[in-house]
Amino acid sequence: MRRDLRTLALFVRIYCDGNHRDRERAKHRSPAVDSGVYGDSAAMLCADCSQHLSYGEARRVFCALDPKPFCAHCEVHCFKAEERAWNRQMMRYAGPRSLTRGFARQAARHFAGSVRTRIRRLRNRT
Ligand code: SF4
Ligand SMILES: [Zn+2]
């Protein structure tokens, strides 16, 4: 779970860095930060991105699926529609950039998981 939350925060950070540098930004604050998920390195985010990240963290913490798929490939999808839409556009921006911003390992793990989920789904359909 810790790894998932860190990966999510990483993508939100890339998105906020690329789109909201003109906004006032501060260290992200949330129960996940307080419980030490990010160590001393909570992301600097604008209030909007921080709120979206808090929402995603809470969903992840209370996720009942085991094994948990990536949220993007989840058939349950517990996010409210607007949060889901926000995450989709955030990932469209941050996903490709994560590969070139020194986070190739996390990004590769994320995309490998996506591929595994797709393969599992295809197998279940046959
Ligand atoms: S979208 Fe699916 S995988 Fe993601 S937290 Fe919700 S139930 Fe779990
Ligand atoms: Zn932002």
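What you see is a predicted model; the values in this text were computed from it and never measured. (Residues numbered from 1 in each chain as written. Chains lettered and ligands numbered in written order. Predicted model: local features only at pLDDT ≥ 70, side-chain atom pairs only at ≥ 80, totals over all residues. Heavy atoms only, no water.)

Visitor: Just to check I follow, could you spell out the confidence of the model for the protein for this structure?
Guide: Detailed reading of the predicted coordinates is not advisable wherever pLDDT falls low. On average, the protein scores 86 in pLDDT, and the residues at 70 or more come to 81%. Helix α5 (residues 104–125) is the least confidently modelled element of the protein, averaging 64 in pLDDT, while strand β2 (residues 44–46) averages 97, the highest of any element. (pLDDT = per-residue confidence, 0-100. Helix = DSSP H or I, 4+ residues; strand = E, 2+ residues; numbered from the N terminus.)

Visitor: Help me understand the site of ligand 1, please; the structure alone is not making it clear to me.
Guide: Neighbouring ligand 1 are the residues Arg59, Cys63, Leu65, Lys68, Pro69, Cys71, Cys74, His77, Cys78 and Phe79. When its residues are assigned to classes, the shell around ligand 1 shows seven nonpolar, one polar and two charged. (Near = heavy atom within 4 Å. Nonpolar A, V, L, I, M, F, W, Y, C, P; charged D, E, K, R; others polar.)

Visitor: Help me understand the packing of helix α1 (residues 2–19) against helix α3 (residues 47–61) in this model?
Guide: When two helices pack together, their arrangement is given by the angle between their axes and by how far apart the axes lie. In contact at an axis separation of 10 Å, α1 and α3 are set at 160° when each is read in the N-to-C sense. Classified by the angle their axes make, α1 and α3 are roughly antiparallel. Handedness of the α1/α3 crossing: right-handed. Here α1 contributes Asp4, Leu5, Leu8, Ala9, Val12, Tyr15 and Cys16 to the contact with α3, which in turn contributes Cys49, Leu53, Gly56, Glu57, Arg60 and Val61. Per-class residue counts for the contact of α1 with α3 are nine nonpolar, one polar and three charged. (Axes fitted to C-alpha atoms, helices over the stretch in contact; angles between N-to-C directions. Parallel < 35°, antiparallel > 145°, perpendicular 65-115°, else oblique. Left-handed = near helix turned anticlockwise from the far one by under 90°. Contact = heavy atoms within 4.5 Å.)

Visitor: Looking at this structure, how should I read the nonpolar core?
Guide: Judged by nonpolar contacts, the single largest core of 22 residues is most densely connected at Val12, Tyr38, Leu45, Cys49, Leu53 and Met90. For this core, the secondary structure elements donating two or more residues are α1, α2 (31–34), β2, α3 and α4 (81–98). With nine residues, the single largest contributor to this core is α1. Not counting residues up to four positions away in its chain, the partners in contact with Cys49 are Val12, Tyr15, Cys16, His20 and Trp86. (Core = buried A, V, L, I, M, F, W, Y, C linked by side-chain atoms within 4.5 Å. Buried < 20%, exposed > 50% of the residue type's maximum accessible area, 1.4 Å probe, protein only.)

Visitor: Where do I start with the coordination of the zinc ion (ligand 2) in this structure?
Guide: Expected angles at a metal are 109.5 degrees for tetrahedral coordination by four donors and either 90 or 180 degrees for octahedral coordination by six donors. Only Cys16 (SG), His20 (ND1), Cys46 (SG) and Cys49 (SG) from the protein coordinate the zinc ion (ligand 2), and they sit 2.1 to 2.3 Å from it. With four donor atoms in place around the zinc ion (ligand 2) and angles of 97 to 120° between them, the coordination shape is tetrahedral. One chain supplies every donor to the zinc ion (ligand 2), and in sequence these donors are spaced C-x3-H-x25-C-x2-C. On the basis of relative accessibility, which here comes to 0%, the residue Cys16 falls in the buried class. (Donors = N, O, S within 2.8 Å, 3.2 Å for Na, K, Ca; no water. Tetrahedral: all angles 85-135°; square planar, octahedral: opposite > 155°, others 65-115°.)

Visitor: Help me understand the side chain of Arg60, please; the structure alone is not making it clear to me.
Guide: Relative to the elements of secondary structure, Arg60 occurs in helix α3. Leave out the neighbours within four places in its chain, and Arg60 touches Met1, Asp4, Leu5 and Lys68.

Visitor: Hey, could you run me through the packing of aromatic side chains in this one?
Guide: What describes a pair of aromatic rings is the distance from one ring centre to the other and the angle between the planes of the rings. A full pass over the atoms with the stated rule returns three aromatic pairs. Centre to centre, the rings of Tyr15 and Trp86 are 5.5 Å apart; their planes meet at 80°, and the pair counts as edge-to-face. Pair noted here: Tyr15 is in helix α1 and Trp86 is in helix α4, with a separation of 71 residues, a long-range link. Grouping residues by exposure puts Tyr15 and Trp86 together as buried. Arranged with centres 5.5 Å apart and planes meeting at 75°, the rings of Tyr55 and Phe79 form a pair that is edge-to-face. Here Tyr55, found in helix α3, pairs with Phe79, found in the loop between α3 and α4; they are 24 residues apart in sequence, far enough to count as distant. In this structure Tyr55 comes out as buried when scored by relative accessible area, which is 18%. Taken together, the ring pairs connect Tyr15, Trp86 and Tyr93 into an aromatic cluster. (Phe/Tyr/Trp six-rings, centres within 6.5 Å; stacked < 30°, edge-to-face > 60°.)

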